[in-house]
Amino acid sequence: MRIPRLYHPETIQSLGTLALSDDAAGHIGRVLRMKEGQEVLLFDGSGHEFPATITSVGKKNVDVDIREKIAASIESPLDLHLGQVISRGDKMEFTIQKSVELGVNTITPLISERCGVKLDAKRFEKKLQQWQKIAISACEQCGRNTIPVIRPIMSLEEWCAEPSDALKLNLHPRAKYSINTLPEPVQKVRLLIGPEGGLSAQEIEMTEQYQFEETLLGPRVLRTETAALTAITALQVRFGDLG
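Residues numbered from 1 in each chain as written. Predicted model: local features only at pLDDT ≥ 70, side-chain atom pairs only at ≥ 80, totals over all residues. Heavy atoms only, no water.

- As named in an unreviewed UniProt entry, the chain is Ribosomal RNA small subunit methyltransferase E, taken from Vibrio maritimus.
- Per UniProt, the comment on the chain under Subcellular location (unreviewed entry) is "Cytoplasm".
- UniProt, in its Catalytic activity (unreviewed entry) section for the chain, records the words "uridine(1498) in 16S rRNA + S-adenosyl-L-methionine = N(3)-methyluridine(1498) in 16S rRNA + S-adenosyl-L-homocysteine + H(+)". (UniProt positions renumbered as here; feature names shortened; annotations may be inferred.)

As for the nonpolar core
No. 1: L80, I96, W131, V189, L191, L192 and L235 are the most contacted members of the largest nonpolar core, which has 50 residues in total.
No. 2: Per element, the largest residue contribution to this core is eight residues, and it comes from helix α3 (residues 121-142).
No. 3: If you look at the next biggest cluster of nonpolar residues, it comprises 16 residues, including L6, I12, V40 and I66. (Core = buried A, V, L, I, M, F, W, Y, C linked by side-chain atoms within 4.5 Å. Buried < 20%, exposed > 50% of the residue type's maximum accessible area, 1.4 Å probe, protein only. Helix = DSSP H or I, 4+ residues; strand = E, 2+ residues; numbered from the N terminus.)

A look at unusual backbone geometry
No. 1: Of note, the bond from E184 into P185 is cis; its omega dihedral lies within 30 degrees of zero at -5 degrees.
No. 2: Looking at the secondary structure, you find P185 in the loop between β11 (167-171) and β12 (188-193).
No. 3: The backbone of R33 shows a phi angle near 50 degrees, a positive value even though the residue is not glycine.
No. 4: Relative to the elements of secondary structure, R33 occurs in the loop between α1 (22-31) and β3 (39-43).
No. 5: Taking the relative accessible area as the measure of exposure, R33 reaches 62% and is therefore exposed.
No. 6: Even without a glycine there, the phi angle at Q211 is positive, about 65 degrees.

Some details on helix α5 (residues 201-209)
No. 1: When we look at burial in α5, the residues that qualify are E203, I204, M206 and T207. Angular distribution of buried residues about the axis of α5 spans 160 degrees; they occupy a single face of the element. When the buried face of α5 is taken as reference, the exposed residues oriented beyond 90 degrees from it are A201, Q202 and Q209.
No. 2: Of the surrounding elements, those touching the buried residues of α5 are α4 (156-161), β11, β12 and β13 (213-215).
No. 3: Positive phi shows up at Q211, right after α5, with a value of about 65 degrees. (Arc of directions from axis to C-beta. Contact = heavy atoms within 4.5 Å.)

A few points about the domain arrangement of the chain
No. 1: For the chain, the assigned domains are domain 1 (5-71) and domain 2 (79-239).
No. 2: On a C-alpha basis, the centroid separation for the pair domain 1 and domain 2 is 33 Å.
No. 3: With 10 residues of domain 1 at the interface, the matching set in domain 2 holds nine residues.
No. 4: Buried surface at the junction of domain 1 and domain 2, summed over both partners, amounts to about 720 Å²; 53% is from carbon and sulfur atoms.
No. 5: Considering only the surface of domain 1 that becomes buried against domain 2, R5, Y7 and F43 emerge as the three largest contributors, covering 64% of it.
No. 6: Taken together, the links from domain 1 to domain 2 amount to zero salt bridges.
No. 7: Remark: the boundary between domain 1 and domain 2 carries eight residue pairs in polar contact (both at pLDDT 80 or more). (Domains from an automatic or database assignment. Buried area = accessible area lost by both parts, 1.4 Å probe. Salt bridge = Lys/Arg side-chain N within 4 Å of Asp/Glu carboxyl O. Polar contact = N/O pair within 3.5 Å; in protein donor to acceptor, adjacent residues only side chain to side chain.)

As for the packing of aromatic side chains
No. 1: Inspection of the entire model under this criterion finds two aromatic pairs.
No. 2: For the ring pair Y7 and F43, a centre distance of 5.5 Å and an interplane angle of 50 degrees mean the geometry is tilted. One end of the pair, Y7, is in strand β1 (residues 5-7); the other, F43, is in strand β3, and 36 residues separate them in sequence. Each member of the pair, Y7 together with F43, is buried.
No. 3: Cation over ring: R5 sits above F43, and NZ or CZ is 4.5 Å from the ring centre. (Phe/Tyr/Trp six-rings, centres within 6.5 Å; stacked < 30°, edge-to-face > 60°. Lys NZ or Arg CZ within 6 Å of the ring centre and 35° of its normal.)

Regarding the pairing of strand β4 (residues 48-57)
No. 1: Where β3 lies against β4, five bridges are found, and the strand directions are antiparallel. Bridge pairing in β4 links E39 to T53.
No. 2: Connecting β3 to the antiparallel partner β4 that follows it, the hairpin turn spans four residues, and G45 within it adopts a positive phi of roughly 85 degrees.
No. 3: Relative to strand β6 (residues 70-71), β4 runs antiparallel, the two sharing two bridges. Considered in β6, the bridge of E49 is made with I70.
No. 4: In the sheet, β4 pairs with strand β5 (residues 62-66) via five bridges, with the strands oriented antiparallel. Within the sheet, the bridge partner assigned to I54 lies in β5 and is V64.
No. 5: Counting the residues that bridge the hairpin from β4 to β5 gives four residues. (Pairing = 2+ DSSP bridges.)

Here it is, written out as structure tokens:
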């Protein structure tokens, strides 16, 4: 059986005995039904892994014995910041999960003119917590030891106006150039993905004012979640670590 990878929300300071977080303990005890003596692999977001052995399993608490601290990074050389206009239902969760697996470093949920999601501040805060948990779970699955940041929700223009030395890209089906024709080298990208109804003409003009370059994925119009993952994959193949 594959050794489970578990995120520990606090910096692991030393080897030896450690009590797992409530989430990790619940997963070990109730979901995986693991026993004393079995192995787990912890990570704390610092770029390290910590092989450990379960020493006790209770109804609510699980203790482990950490044996080693290993520097282990599979981060892409491409620093990729995704600005994703919030999509309906589980599409946003799907986009976050898969973009983390593909190596995105930062995700900012955005509100645009045609954004179909309308929530109050309290519900948005709950969404942010849920999205961060999805990012952590994706890291547990794919082997990343650095947790991507899910930033607070912003308006589209606020995000576009942020100072950045990254290459700024906005997908557009009528753009002249594709990701494959972008000049090298590129080390940082801010990728804007619009809503299901697309950006308005005024918003497209606004992105141009903030030096976003229009780029083409192909001849077909893609759904917002498909567009995000296709663009991220193309960028990682061109400038990152996907072969």
